[in-house]
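The residues making up each chain are set out below.
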Amino acid sequence: QVQLAESGGGFVQAGGALRLSCAASKGTINSYAMGWFRQAPGKEREFVAAASGSGITTFYADSVKGRFTISRDNAKNSVYLQMSSLTPEDTAVYYCAVGQITTTTAGSYEYWGQGTQVTVSS
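Described below are features of the structure shown in this document. Remember, predicted model here, so these are calculated numbers, not experimental data.

## As for the sheet that holds strand 8 (residues 78–83)
Point 1. The strand order across the open sheet built from 4 strands is 1-3-8-7, with neighbouring strands paired in antiparallel fashion. Here the strands that pair on one side only, and so sit at the sheet edges, are strand 1 (3–7) and strand 7 (68–73). Pairs of neighbouring strands in the sheet enclose a mean axial angle of 20 degrees, with direction left out of account.
Point 2. The sheet contact formed by strand 1 and strand 3 (residues 18–26) spans 5 bridges and is antiparallel. Along strand 3, the bridge assignment pairs Leu4 with Ala24.

The following block contains the structure:
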């Protein structure tokens, strides 16, 4: 069973940057798609970015395209989300997820981490 743990969240001012990490402590993710989703209070969980097992295919939400970059290091069983030019609208709990297919739909992913808080102040 794949188990995931996110880290790297924190408090930053608008315009700042953060790098989120997601590490698999059990199982391997080499052949799995990985995605990042976020959820703000009172809102639905929304897609942020996804990468295929190889990392060659990537998807981004329009709201983060050009600002966020997803990458992965399968040798370390990890996936990353580099976030820059952050705004208060990026404030949310960010979740890492693993699934069989690279999609933008949360329900398509099978395993989820506990989330890490990102807070961006104005």
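Alright, that's what it looks like, and here's the rest.
## A few points about the pattern of salt bridges
Point 1. Applying the stated rule across the entire model yields 4 salt bridges.
Point 2. Between Arg38 and Asp90 there is a salt bridge, and its shortest N-O distance comes to 2.9 Å. Placement of Arg38 in strand 4 (residues 33–39) and of Asp90 in the loop between strand 8 and strand 9 (92–99) is noted, with a sequence separation of 52 residues between them. Across this residue pair, the class does not change: Arg38 and Asp90 are buried.

So, how was this worked out
Chains are numbered independently. Their residues run from 1 in the order of the written sequence. This being a predicted model, a pLDDT of at least 70 is required before a residue's local features are given, and a value of 80 or more before pairs of side-chain atoms are given or counted; all residues contribute to the totals for chains, interfaces and linings. For the side-chain quantities, the full set of heavy atoms in the structure was used; hydrogens and water were omitted. Note on pairing: DSSP must find at least two bridges between two strands before they are called paired. Under the DSSP-based scheme used, a helix requires at least four consecutive residues in state H or I and a strand at least two consecutive residues in state E, with every element numbered from the N terminus. Here, axes are lines fitted to C-alpha atoms. For helices the fit covers the stretch in contact, and angles between N-to-C directions go from 0 to 180 degrees. By definition here, a salt bridge exists when the distance from a side-chain nitrogen of Lys or Arg to a carboxyl oxygen of Asp or Glu is within 4 Å. Think of it in three bands: residues with accessible area under 20% of the maximum for their type are buried, residues over 50% are exposed, and the middle band is partly exposed, with areas taken using a 1.4 Å probe on protein chains only.

This is a description of form; function is not addressed.
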